[in-house]
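Take a look at the letters that make up each chain.
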Amino acid sequence: MFYREAGDFTTNYAEDNQTFPIRLDRMGYYATMIVAFCVVPFFINDYWASAVLLPFLIYAIAAIGLNILVGYCGQVSLGSGGFMAVGAYASYKLMTSFPDMSMIIVVLLSGLITAMVGAAFGLPSLRIKGFYLAVATLASQFFLVWLFNKVAWFYNYSASGQINAPERTVLGFVITGPNAAPAVTYLFCLAFAVGLAWLARNMTRSNTGRRWMAIRDMDIAAEIIGVNPLGAKLSAFAVSSFYIGVAGSLMFTVYLGAVEVGEAFGITKSFLLLFMVIIGGLGSIFGSFAGAAFMVLFPVLLKNVLVGQLGWATNIAAHFEFVIVGGLIVIFLIMEPHGLAAIWRVVKEKLRLWPFPH
Amino acid sequence: MNTMETYTTPDGRTIGGPVMEMKNITLRFGGVVAIKDISFDIREGEIRAIIGPNGAGKSSMLNVMNGFYHPQEGEVFFHGKKRGPLRPYQIAEQGVARTFQNIALFKGMSTLDNIMCGRLTHSKTRFLSHLLWKGKAEAEESANREKVEKIIDFLEIQTIRKTPVGRLPYGLQKRVELGRALAAEPSLLLLDEPMAGMNVEEKEDMSRFILDVNDEFGTTIALIEHDMGVVMDIADRVVVMDYGKKIGDGTPAEVLANQDVIDAYLGVAHD
């Protein structure tokens, strides 16, 4: 009754191709953008930025990247933690080698470096697929973490083996290090997340995305209708790694500030990202945001309820968090294998008729 | 037969020179000879059928034609030029489209997107314009959409435009697959058993579409089919294969009168 598409007519193909063809969706999108850009920065504080919003935005970028590879192009990857590490270490090397380089350029260059590394590790996908490819990408995960631990050049021979983000500014505002204001870091990450999501949407609705999806759905048929499998797969690996590299760079520079590679970008990070993509919905940009929100917000919420409301001990609550989140993931996969995006679609379809379904 | 450059069909269409020529094709899988020294040609504007009993090597022949298999011996000429060992997607770019015996649609996409995929070989825009969408990519999308909508109208599948193809019944899926092949505006269209598993009505529909494609777009068609009635009705010339060898080639009437063909289909009396 309230959510409806009646009266929304498209009169040309360009209108039919827009991201939100239904007017109400469009309004909701604009409203969200206005709140996110103009309202939230005035109310944000350190807790909200570091516990909720920054990780949500950064993981959303990484999830979009992984979704491009897994959800759109159908190539399973367990190496995303390693690629995030590439982004982080690339940023560190760039920031320390070129102190005057703008942070925006540092983040984008880190993404590009990760894209090249990702494309190189994507080469096996031309010969192997499915589980075997997953194992090959797993190897890249371990190799990259080992590399950043072993080769001292990457962490500038520091005694601790850690990397620390030096203080940098963007447009006069401190963006990295302990003196950065939460509103500034939030807006920086938000701009990247929104911009990259928009680009991802453009890629996936155009012929680039069709090539990826053709390879995903049936690679032999795709080749026979004129898709070059080499180009499609490697471009998916490169683009996906770019996103993951940007996320890794932001995570290190803006969010964490100091990183020890095995701890921050280990195999658990790869699985976390894969969970986000699967729970959010494969092949959906909205799903990437939803999955990131779920995996970031839910533990925070759970902790607040268990520790704050029920007064449990912190360590018991932390263990129960694993149990509950893990259980929910399993239930999720059984009840709705297509993820939160599919649930959202069903809700919208129901809403079209509600409350008069006949 | 038909050694001259052009000939006229009984219904008055003029058939041009060869689009694709297969010369002494031999294809082996290890010790198994799938195709043995076969030569024939497909001429511009004709409907050429390849028939034969199961395992005769018809699908292998089609796979050779669109570059999925590379024959050990023999040459393929396309538009008069000898074709090198190209990958299937390069052959698609040259203008060969095909459908499959077991439907090979992209199950995760809608009917519209599947047919839009057929336009990929005509895509002129690059990754960077896709990234920005506004401008070239959007214009190309709309132009492609217009062509695709014509095909959708032609195949009478307007109502399932935005339905995921996985949900469609078999007959419609076959039609969408034909649409995807047509969207490439091929100079040679290969159909691998377009009527397999269909009832009489669906077969009639499909026959009509094939004839209309040939008639309206002037597309050259090579098809594999088991239903002899259909083949005899719609094909201009027929190649008959058995055990990897060519046992007959000619108009439907000539082929039907061929003793080898009758033996292959009905069996030979051993006395």
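Note that this is a predicted model, so its numbers are computed, not measured. (Residues numbered from 1 in each chain as written. Chains lettered and ligands numbered in written order. Predicted model: local features only at pLDDT ≥ 70, side-chain atom pairs only at ≥ 80, totals over all residues. Heavy atoms only, no water.)

Residues and elements named next belong to chain A. Running from amino to carboxyl end, helix α7 (residues 182-205) crosses helix α8 (residues 207-217) at an angle of 65°, the nearest separation of the two axes being 4 Å. Here α7 is positioned roughly perpendicular relative to α8, judged by the angle of their axes. Facing M203, T204 and R205 of α7, the residues of α8 in contact are T208, G209, R210, W212 and M213. Of the residues belonging to the contact of α7 with α8, the class tally is three nonpolar, three polar and two charged. (Axes fitted to C-alpha atoms, helices over the stretch in contact; angles between N-to-C directions. Helix = DSSP H or I, 4+ residues; strand = E, 2+ residues; numbered from the N terminus. Parallel < 35°, antiparallel > 145°, perpendicular 65-115°, else oblique. Contact = heavy atoms within 4.5 Å. Nonpolar A, V, L, I, M, F, W, Y, C, P; charged D, E, K, R; others polar.)

Attention now goes to the layout of surface pockets. Residue and element names in this part refer to chain A. One number sums up the size of the second largest pocket: a volume of about 960 Å³. L272, M295, P299, E321 and F322 are, among the 28 residues lining the second largest pocket, the residues nearest its centre. Among the secondary structure elements, those contributing two or more residues to the lining of the second largest pocket are α3 (46-72), α10 (229-256), α11 (261-264), α12 (267-280), α13 (285-309) and α14 (314-335). (1 Å grid on protein atoms, 1.4 Å probe; cavity = no way out; pocket = protein on both sides within 12 Å on 5 of 7 lines; lining within 4 Å. Points joined across faces, edges and corners; volume = space filled by probe spheres on them.)

As used here, a disulfide is simply a covalent bond connecting the sulfur atoms of two cysteines. Residues and elements named next belong to chain A. All told, the structure shown has zero disulfides over all chains when counted by the stated rule. No disulfide involves C38; its sulfur sits 17 Å from the nearest other cysteine sulfur, which is in C189. Judged by relative accessible area, which is 45%, C38 ranks as partly exposed. (Disulfide = S-S within 2.5 Å. Buried < 20%, exposed > 50% of the residue type's maximum accessible area, 1.4 Å probe, protein only.)

Let us now look at the domain arrangement of chain B. Interfaces are often sized by the accessible area lost when the parts come together. All names here are of chain B. The domain boundaries assigned to chain B delineate domain 1 (1-95 + 186-271) and domain 2 (105-183). Relative placement of domain 1 and domain 2: their C-alpha centres are 27 Å apart. Between domain 1 and domain 2, the buried area comes to about 1,200 Å², and carbon and sulfur atoms account for 73% of it. Between the two partners, domain 1 and domain 2, sit two salt bridges. A salt bridge links D205 to R175, with the nearest nitrogen and oxygen atoms 3.7 Å apart. Remark: the boundary between domain 1 and domain 2 carries two residue pairs in polar contact (both at pLDDT 80 or more). When residues of the side of domain 1 that touches domain 2 are traced back to their parent elements, those giving at least two are α2 (88-94), β9 (188-192) and α7 (200-217). Broken down by element, the residue count for the side of domain 1 that touches domain 2 peaks at nine residues, all from α7. Classifying every residue of the side of domain 1 that touches domain 2 gives 11 nonpolar, one polar and eight charged. (Domains from an automatic or database assignment. Buried area = accessible area lost by both parts, 1.4 Å probe. Salt bridge = Lys/Arg side-chain N within 4 Å of Asp/Glu carboxyl O. Polar contact = N/O pair within 3.5 Å; in protein donor to acceptor, adjacent residues only side chain to side chain.)

Moving on: the packing of aromatic side chains. Each aromatic ring pair is specified by the distance between its two centres and by the angle formed by the two planes. As enumerated under the stated definition, the model contains 20 aromatic pairs over all chains in all. Ring plane angle 75° and centroid distance 6.2 Å describe the contact between F242 of chain A and Y243 of chain A, whose orientation is recorded as edge-to-face. Among the residues examined, F242 of chain A registers a relative accessible area of 17% and is labelled buried. A relative accessible area of 2% places Y243 of chain A in the buried class. Ring-pair connections join several aromatic residues into one group, and the members of that group are F83, F121, F143 and W146 of chain A. For K93 of chain A, the ring lying beneath its charged end belongs to W153 of chain A, and the centroid distance is 3.9 Å. Across from the ring centre of W133 of chain B, 4.0 Å away, lies the NZ or CZ of R205 of chain A, which sits over that ring. (Phe/Tyr/Trp six-rings, centres within 6.5 Å; stacked < 30°, edge-to-face > 60°. Lys NZ or Arg CZ within 6 Å of the ring centre and 35° of its normal.)

It is worth spelling out the nonpolar core at this point. Core analysis: the biggest nonpolar cluster contains 113 residues, and I61, I68, F188, W212, Y243, L250 and F265 of chain A have the highest contact counts within it. In contact with L250 of chain A, other than residues within four places in its own chain, are I58, I61, V107, F188, C189, F192 and Y255 of chain A. Residues L105, V148, I157 and M206 of chain B belong to the second largest nonpolar core, which totals 43 residues. (Core = buried A, V, L, I, M, F, W, Y, C linked by side-chain atoms within 4.5 Å.)

Quick look at unusual backbone geometry now. Although it is not a glycine, L171 of chain A sits at a positive phi angle of roughly 55°. Position of L171 of chain A among the secondary structure elements: in the loop between β2 (169-170) and β3 (173-174). Phi is positive for E156 of chain B, close to 55°, though the residue is something other than glycine. Relative to the elements of secondary structure, E156 of chain B occurs in the loop between α5 (136-154) and α6 (170-183). For E156 of chain B, a relative accessible area of 44% puts it in the partly exposed group.

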